[in-house]
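One letter stands for each residue in the lines below.
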There are 2 protein chains.
Amino acid sequence: MAKYMVTFMPVNRSTMVEEGTTVAEAARQADVFIKNLCGGEGVCGQCRVQITSGNAKPDEQAKAFFSEEELDRGYVLACQTEVYDNLEVLIPPETRMEAAKIITTEGEEGEAEAGAVPLVRKIYLEMPAPTLEDNISDIERVTRELRKKIGWHSYNIGLPCLRRLSEKLRQSDFKVTASVAKHSGGYRILRIDPGDTSANAYGLAVDVGTTTVVAQLVEMGSGRILGVSGTPNNQASFGEDVISRIIHACKKDGLEPVHKAVIKNVNELIETLTSEKSIDREDIIAITAAGNTTMSHLLLGLIPCSIRLDPYVPTADIYPQIYAREIGIQINPEGILETLPSVASYVGGDIVAGVLACGIPDKPEVQGLIDIGTNGEIAIGNNEWLVCCSASAGPAFEGGGTRCGMRATKGAIEKIEISEGKLKYQTIGNAKPRGLCGSGLIDCIYELVKNGIIAPDGKFNRDLKDDRFAIVDDIPEYTIAFAEETESGEPIVITETDIDNLMKSKGAVFAAIKSLMDYIGMGFDQIHRFYVAGGFGNFLNIEKSIAIGLLPDIPKEDIEFIGNSSLTGARLCLLSEKALEKSFNISRAMTNIELSNYQPFMDEFVAALFLPHTNRKLFPSVTY
Amino acid sequence: MAKYMVTFMPVNRSTMVEEGTTVAEAARQADVFIKNLCGGEGVCGQCRVQITSGNAKPDEQAKAFFSEEELDRGYVLACQTEVYDNLEVLIPPETRMEAAKIITTEGEEGEAEAGAVPLVRKIYLEMPAPTLEDNISDIERVTRELRKKIGWHSYNIGLPCLRRLSEKLRQSDFKVTASVAKHSGGYRILRIDPGDTSANAYGLAVDVGTTTVVAQLVEMGSGRILGVSGTPNNQASFGEDVISRIIHACKKDGLEPVHKAVIKNVNELIETLTSEKSIDREDIIAITAAGNTTMSHLLLGLIPCSIRLDPYVPTADIYPQIYAREIGIQINPEGILETLPSVASYVGGDIVAGVLACGIPDKPEVQGLIDIGTNGEIAIGNNEWLVCCSASAGPAFEGGGTRCGMRATKGAIEKIEISEGKLKYQTIGNAKPRGLCGSGLIDCIYELVKNGIIAPDGKFNRDLKDDRFAIVDDIPEYTIAFAEETESGEPIVITETDIDNLMKSKGAVFAAIKSLMDYIGMGFDQIHRFYVAGGFGNFLNIEKSIAIGLLPDIPKEDIEFIGNSSLTGARLCLLSEKALEKSFNISRAMTNIELSNYQPFMDEFVAALFLPHTNRKLFPSVTY
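Read on for an overview of the structure. Everything quoted here is computed from the prediction, not taken from an experiment.

Superposing chain B onto chain A takes a rotation of 180° combined with a translation of 0.0 Å along the rotation axis, leaving an RMSD of 0.3 Å. Between the two chains, the operation in question is that of a two-fold axis. Comparing interface residues between copies, 100% of those in chain B also sit at the interface in chain A, which points to an isologous, same-surface contact.

What follows is the structure in structure tokens.
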């Protein structure tokens, strides 16, 4: 089979690959980072690259991700483009972004991916066999070798591992692989395996969202993302929001089923990811999980009851490192789980992960993170201080709580435009529409208000003459996709109730941002950059988000949508001991402003229940 | 019921007790230490006290422990003497000795029992309930309070404990007892119990001997010994010595039964001790275990196979702190087990415990410890250096391997004298004789050789005319107690084979001492003091031990018999974190001289197979 040379720019790294290999795979072989959220399914559009030399064969469907001009300039999706020629591939900045973030979190050390120490390391040790002159104990022999490789630390070992040590050493002629993890000041020797198994070291980063659980499978050595998969949180059967789940968990014998539900999620995701990539789940040796405080409690099986009751006390903010098996997660029996620390009852490990991922504590400039999930969480700070707050936003932006809402997967409508009475939409993966994801809902509200279909108070113009408009059971609704267009054959609509929910969601988020800014006495113009995170899908239209009053009215180039920053932060911690340590520092350093009994927030919330806002002066750029 | 005042001197501490209370119990109530090896059975004779004022009613049987002169001066056994009058009780130095040792091990700090920090502490915490102004997480609230009480450390907590924390705090109005143990640099929070349970904190010190397993139940707060119990090591069914047990354990599926056997011992001892004292076994929160390296491996279920094979490598010398439940020991589910560290394959935690108990590393004077069990282990050193060695002695001195041998419990003959053709013996507890314990066997050999019944080569004079002498199946034997005198109705005899075994045992021990002294280039006269430990019973006749060539021929006042120093050391570690830390230092600092392939030892061993020795110049004081 023919082989071709693929050279990646600007890093100028080359690799020879067989014909038919995808550009994304070639990048992996060349150890070049390409952003890839969907794991190569061609649905996320994140792996945009530009073919600057040579002929590529881009996938037809993938063309939908690019403008005509971009197509002319050679833009393709790396995962959907096969190599049949020598190629030069330019990786544009947006596709390198996540790699840049990893470097950010490692501070001054520059080439962080090379220098970072993953949470669990598999270290191959070739030891001299004992002699009468050198007959130290087996465990001392192992730790002596470890000290040579990774320095002088205290090394702990659990009894199960110690029990079989003698056998493992002797069956492998004293050539073994030690799996070690940092643990309370020293290192913990998790496993000793005969021979060199250091290549088979995988980790899982999990974002435990109230609505959605997403996991990334990562190669621990290289940091490469091998796949990502998401699934609705099984706890939904106990209630959509954290409060109803806490209430259920606090009934007699209520905790266990809620706890088990999310463990089932994680195990299913592991099953999906490992079978997709033909990886043995026993080779997964570490998991990092980020979630809000309630999700973290329920993941670990901690009693969450006091979280929802004044004075809102969680069992823990910093969670112990545990063996994943202790909570029934099926990876390597000695594999560990680190749960990212929380700040308070309503500011969880997901926001800590996000702050870490954005590198907020690394820079003197004041930056902010707005994480919009079922809760809206805001963190603002720099390398000297961090404040945060949280407000319940409801599940609307994650696709819950609206009639036709869905998460941002294939078939979700993520873009809508109404122009001259015509409605156009775009779905993820260009599939037949199945529902509306967060970004689609934002577009939808914007287009409805801009076109006068709804008023700034979110109510439909009931006299509207439009075949998309109807009043069913007294509730006005608007059809986005007609029955004949959709996958299910059912129409996709947005109702006035949906809009009401979305207004409350966006109002709560904006009120939280505004309250926090007022609290610290800063204006929006003093914020260097706002990062927006959340499960909106792969795109978030910043201008339309501003225009409906979800995001503050600052120059749109100062707002950056960064996707699932909770997942990114969890992955950073998986790949770097220092990042995890930094997450503990963020948790300890962050000041939480409790909004639940904070009157200015209540006032801001009411004021924000309008499009874009009751105080239009806050949104000078909005023109409708 | 009448009450009387008992005042203990020289500490001058008084207590009021009900009539009929024993003096030993009164001492406990007054928090005064009285040596008590047998746990109040009146068989060890260790709790000697002098009634200096008032009338006491001593037990008649107990009088056997004292000379006429002592009885006249008011000497009684504290555990066998009831109070029916106001008493002043003088505790003589020998009865205070063990307490003095505890102080020794604590180094410079003087009143160690007051200052020592036990391995597991139960700390009662009264915390303020959370408010909106103080809504830190539950675990932070607990650690904040712990930091106030026991200082700034890192505190770890296991998931099971964390899971119920919220409930425990709230059901007790934030008044709880935390059980904490030092663990890898910080502290581990083992349990949180509602209310104040700090009074119910017990520990178990265990000497895991090859022949005998002995356990002491200790009150953690006061250090009081509540009871002691011993039982033959159940592993005996797999062989008498460590080698045969290793061989069994290294057969297919062989380890588990050998491991389980000794766990059964420990659980039985716990059952005996807790039911005797009506203590809930769940209130035992810590165990320390000292044993030789093989016993420690088998206790923990570690593969012991390489211990017996050149180059004699154990799995571990320093063992991890584990939950006792991990090896099936039935105490508090969060109770921990610390196994005292070994030095090498044939120098175990028992000798480390002994060195600790004797305070050898605390003083500039060179001192030695000779621990005579199934292995003879010798350690010599001071506050700057420590060397040790080990030789297989066989089970003879522990009552194994001889026809009528038994361990030093009630009915064991512990003293023998033959004078003018008449044999007199004394048994432990003055009971009908049941066999010969170690000290009885030493006396026996001495008397036999001194009276010309056996020759210095250990062979019987076959022409002997003595109704105690007989040759049965070609093997000469000598009757110590006739059938009509004994409990079983069977005679108690010593055979030539027994003597041969004892000669080898004493020869191995002396050869080991001599080899080690030669190795370090010191003469016996340079040793400040020799401590002799072992399961000989409560007495060891030092002169006779020298005269048979077991102990070196130095002034007998320079040799001190200290009983089970392995158990004492284990108890010290139970009652003091620092003592345990010191045991790790001893393990690391001690240089082991491997005798197994050391020619001078072989030569010394052969030379020592004679009574007292082939080189009589080494034993100038011996006159027979």
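Now, onward.
We now examine the nonpolar core. Side chains that are nonpolar tend, in soluble globular proteins, to be buried together. Ranked by size, the top nonpolar core spans 317 residues in total, and within it Leu436 and Ala512 of chain A together with Leu436, Ile480 and Ala512 of chain B carry the most contacts. Discounting residues that sit within four places of it in the chain, alanine 512 of chain A has contacts with Gly376, Ile378, Cys389, Ser390, Ala391, Leu595 and Phe601 of chain A.

A word on the sheet that holds strand E26 (residues 492-495) of chain B. The strands that make up a sheet are held in pairs by hydrogen bonds between backbone atoms, and each pair lies either parallel or antiparallel. All names here are of chain B. Strands sit in the order E24-E25-E26 across an open sheet of 3 strands; the sheet is antiparallel. Among the strands making up the open sheet, the edge pair consists of strand E24 (469-472) and E26. Pairwise comparison of adjacent strand axes, ignoring direction, gives a mean angle of 40° for this sheet. Strand direction decides the pairing type here: E24 and strand E25 (residues 475-481), joined by 4 bridges, are antiparallel. For phenylalanine 469, the partnering residue across the bridge sits in E25 and is tyrosine 478.

All names here are of chain B. All buried positions along helix H17 (residues 599-607) are accounted for by Phe601, Glu604 and Phe605. All buried residues of H17 fall inside an arc of 105° around its axis, so they share one side. More than 90 degrees from the buried face of H17, the exposed residues found are Gln599 and Val606. The inward-facing, buried residues of H17 abut helix H13 (496-520).

As a further point, take the interface of chain B and chain A. On the side of chain A, 39 residues touch chain B, which itself brings 39 residues to the contact. For the side of chain B that touches chain A, the secondary-structure elements that each account for two or more residues are helix H5 (138-150), strand E9 (155-157), helix H6 (159-163) and helix H7 (165-171) of chain B. For the side of chain B that touches chain A, a count of residues per class yields 18 nonpolar, 13 polar and 8 charged.

All names here are of chain B. In terms of strand pairing, strand E13 (residues 212-219) meets strand E14 (residues 225-232) through 7 bridges, oriented antiparallel. The residue of E14 that forms the bridge with threonine 212 is proline 232. As consecutive antiparallel partners, E13 and E14 are separated by 5 residues, and within that stretch glycine 223 has a phi angle of approximately 80°, a positive value.

All names here are of chain A. Ordered by their spatial adjacency, 4 strands build an open sheet running E8-E10-E11-E9, and the pairing between neighbours is mixed. In the strand order of this sheet, the two ends are held by strand E8 (120-126) and strand E9 (155-157), each with one partner. Looking at each pair of strands side by side, their axes are set apart by 40° on average, direction ignored. In the sheet, strand E10 (residues 175-183) pairs with strand E11 (residues 186-194) via 8 bridges, with the strands oriented antiparallel.

The subject of this paragraph is unusual backbone geometry. In this structure, the amide linkage connecting leucine 611 of chain A to the following residue, proline 612 of chain A, adopts the cis form with an omega of -5°. Of note, proline 612 of chain A is situated in the segment after helix H17 (599-607). With a phi angle near 60°, phenylalanine 174 of chain B is a residue other than glycine that sits in the positive phi range. Locating phenylalanine 174 of chain B in the fold gives a position in the loop between H7 and strand E10 (175-183). C-beta crowding within 10 Å serves as the criterion here: with 19 such atoms nearby, phenylalanine 174 of chain B is assigned to the partly exposed category. One non-glycine residue, aspartate 474 of chain B, lies in positive phi territory at about 75°.

On to the environment of glycine 74 of chain A, then. Residues and elements named next belong to chain A. Along the chain, glycine 74 turns up in the loop between helix H2 (68-72) and strand E5 (75-77). C-alpha of glycine 74 to C-alpha of glutamine 50: the two residues are 24 residues apart in sequence and 5.2 Å apart in space. Those residues within four positions of glycine 74 in sequence are excluded, and the remaining contacts are Gln50, Ile51 and Thr52.

The rules behind the values
Every chain is numbered independently, its residues counted from 1 as its sequence is written. The naming scheme follows written order: chains are lettered A onward, ligands numbered 1 onward. Owing to the predicted nature of the model, reporting of local features is limited to residues with pLDDT of at least 70; listing and counting of side-chain atom pairs is limited to 80 or more, with chain, interface and lining totals taken over all residues. Here the copies are matched by least squares. The fit uses the C-alpha atoms of residues with pLDDT of at least 70 in both. Working definition of a contact: two residues with C-beta atoms, positioned from the backbone, lying within 7 Å. Think of a nonpolar core as buried Ala, Val, Leu, Ile, Met, Phe, Trp, Tyr and Cys residues, each tied to the set through C-beta atoms within 7 Å. Buried means a residue has 20 or more other C-beta atoms within 10 Å of its own C-beta, exposed means 12 or fewer, and partly exposed covers the counts in between; C-beta atoms are placed from the backbone. Pairing between strands is defined by DSSP: at least two bridges between the two strands are required. Here a helix means four or more residues in a row that DSSP labels H or I, a strand means two or more in a row labelled E, and each is numbered from the N terminus. Axis lines are fitted through C-alpha atoms, for helices just across the contact stretch, and the angle between N-to-C directions can take any value from 0 to 180 degrees. By definition, the arc is the one covered by directions from the helix axis to the C-beta atoms. Under the convention adopted here, Pro, Cys and the residues Ala, Val, Leu, Ile, Met, Phe, Trp and Tyr are nonpolar, Asp, Glu, Lys and Arg are charged, and Gly plus all remaining residues are polar.

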